[in-house]
Amino acid sequence: MVIAAATKNNNKIREIAAITGAFGIDIISRAEAGVPDDVEIEEDGETFEENSEKKAREIMLICGMPAIADDSGLMVDALDGAPGVMSARFAGTHGDDAANNRRLTELLAGVPYEKRTAKFVSVITLVFTDGRSISARGECKGHMILEPRGDSGFGYDPLFVPEGYDETFAELGDEIKNKISHRSAALRKLKDLLKAEGF
Ligand code: IMP
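The text that follows walks through the structure, step by step, so that each part is easy to find. (Residues numbered from 1 in each chain as written. Predicted model: local features only at pLDDT ≥ 70, side-chain atom pairs only at ≥ 80, totals over all residues. Heavy atoms only, no water.)

### Considering the overall build of the protein chain
Okay, so step 1: When its secondary structure is counted, the protein chain shows 6 helices and 6 strands.
Okay, so step 2: Order of helices (α) and strands (β) in the protein chain, N terminus to C terminus: β-α-β-α-β-α-β-β-β-α-α-α.
Okay, so step 3: Here the C-alpha radius of gyration of the protein chain, 17 Å, is about what a compact globule of 199 residues would show, namely 16 Å.
Okay, so step 4: Seen through its C-alpha atoms, the protein chain measures out along the principal axes to roughly 50 × 30 × 25 Å.
Okay, so step 5: The burial tally for the protein chain puts 47% of its 199 residues in the buried class.
Okay, so step 6: When contacts within the protein chain are restricted to residue pairs at least 6 apart in sequence, those whose partners lie at least 24 apart make up 57%. (Helix = DSSP H or I, 4+ residues; strand = E, 2+ residues; numbered from the N terminus. Rg over C-alpha atoms; globule rule 2.2 N^0.38 Å. Buried < 20%, exposed > 50% of the residue type's maximum accessible area, 1.4 Å probe, protein only. Contact = heavy atoms within 4.5 Å.)

Listed below in structure tokens is the structure:
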């Protein structure tokens, strides 16, 4: 089976393809699947599940082949789960990591460390051409710090210390992050679900 990736992010495509490849499922980019570059899918859902399902379904409908999408973000307990689905545009501009991190640390100033618990969430959804879908959610728990540390990774990585570690995701680096991250947990679950579906 060949599946179209809804994301334009080649790193994510590689991570997903490494799992699905073992099941004889090949992932191709949305461009290779014939999706015009200017097609933007609005992430207007209230949950990661809604957004990843919407992205996969719209790409499936455009290219007529199964599609896979992921949606992810950070949920901070002291902020009632914010930034959540707004993670990429928390400070207003989509993808402005520095501004998002500044806003987060401003909101958390005065909150003691033990109350700065948070989790990263990733939901990966595969939608088939008959409309059926498989959805896998992965989480990674940790704490937020108020001064960014480390240079690797992206987004909120310099502010997030995963459970069981003293360093941030940005200090730990990709090799460790990819073993314990929300995205790798979602991919492990996807692997189990594909097995259970008989792939
Ligand atoms: P998306 O799923 O690529 O749209 O990511 C949404 C946003 O969540 C990103 O722009 C980041 O702000 C945040 N995010 C998701 N995953 C991570 C991660 O692994 N590290 C840091 N930030 C992340």
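### Quick notes on the side chain of Ser-87
Okay, so step 1: Examined against the element boundaries, Ser-87 turns out to sit in the loop between strand 3 (67-76) and helix 3 (97-108).
Okay, so step 2: A polar side-chain atom of Ser-87 sits 2.9 Å from the main-chain amide nitrogen of Leu-74.
Okay, so step 3: A polar side-chain atom of Ser-87 sits 2.6 Å from the main-chain carbonyl oxygen of Gly-84. (Polar contact = N/O pair within 3.5 Å; in protein donor to acceptor, adjacent residues only side chain to side chain.)

### So, the sheet that holds strand 5 (residues 133-144)
Okay, so step 1: Within the open sheet, the 6 strands sit side by side as 2-1-3-4-5-6. Their pairing is mixed. Each end of this open sheet is capped by a strand with a single partner; those strands are strand 2 (26-28) and strand 6 (160-162). This sheet shows a mean twist of 35° between the axes of neighbouring strands, independent of strand direction.
Okay, so step 2: In this structure, strand 3 lies alongside strand 4 (residues 117-127), joined through 10 bridges in antiparallel fashion. (Pairing = 2+ DSSP bridges. Axes fitted to C-alpha atoms, helices over the stretch in contact; angles between N-to-C directions.)

### Let's talk about the site of the ligand
Okay, so step 1: Of all residues adjacent to the ligand, which total 14 residues, the nearest are Lys-12, Ser-72, Asp-157, Lys-177 and Arg-183.
Okay, so step 2: Here an oxygen atom of the ligand and a side-chain polar atom of Lys-177 are 2.8 Å apart.
Okay, so step 3: In the environment of the ligand, a nitrogen atom lies 2.9 Å from a nitrogen or oxygen atom belonging to the side chain of Arg-183.
Okay, so step 4: For the ligand, whose accessible area on its own is 480 Å², the fraction buried by protein is 90%.
Okay, so step 5: Only strand 3 and helix 6 (182-196) provide two or more residues apiece to the shell around the ligand.
Okay, so step 6: Sorting elements by how many residues they give to the shell around the ligand places strand 3 first, with 3 residues. (Near = heavy atom within 4 Å. Areas by Shrake-Rupley, 256 points an atom, 1.4 Å probe, with all protein chains shown as cover.)

### Focus on the pairing of strand 1 (residues 2-5)
Okay, so step 1: Across 3 bridges, the pairing between strand 1 and strand 2 is parallel. The partner of Ile-3 across the bridge, within strand 2, is Ile-27.
Okay, so step 2: With helix 1 (residues 10-20) bridging strand 1 and the parallel strand 2, this β-α-β connection has right-handed handedness.
Okay, so step 3: In terms of strand pairing, strand 1 meets strand 3 through 2 bridges, oriented parallel. Residue pairing in the sheet places Ala-4 in a bridge with Ala-67 of strand 3. (Right-handed = clockwise from strand over helix to strand, strands pointing away.)

### Comments concerning unusual backbone geometry
Okay, so step 1: Between Ala-82 and the following residue, Pro-83, the backbone shows a cis peptide bond with an omega angle of 0°.
Okay, so step 2: Within the secondary structure layout, Pro-83 lies in the loop between strand 3 and helix 3.
Okay, so step 3: Backbone geometry at Asp-80 places phi at a positive 55°, although glycine is not the residue there.
Okay, so step 4: Along the polypeptide, Asp-80 turns up in the loop between strand 3 and helix 3.
Okay, so step 5: Of the residues examined, Asp-80 reaches a relative accessible area of 78% and is grouped as exposed.

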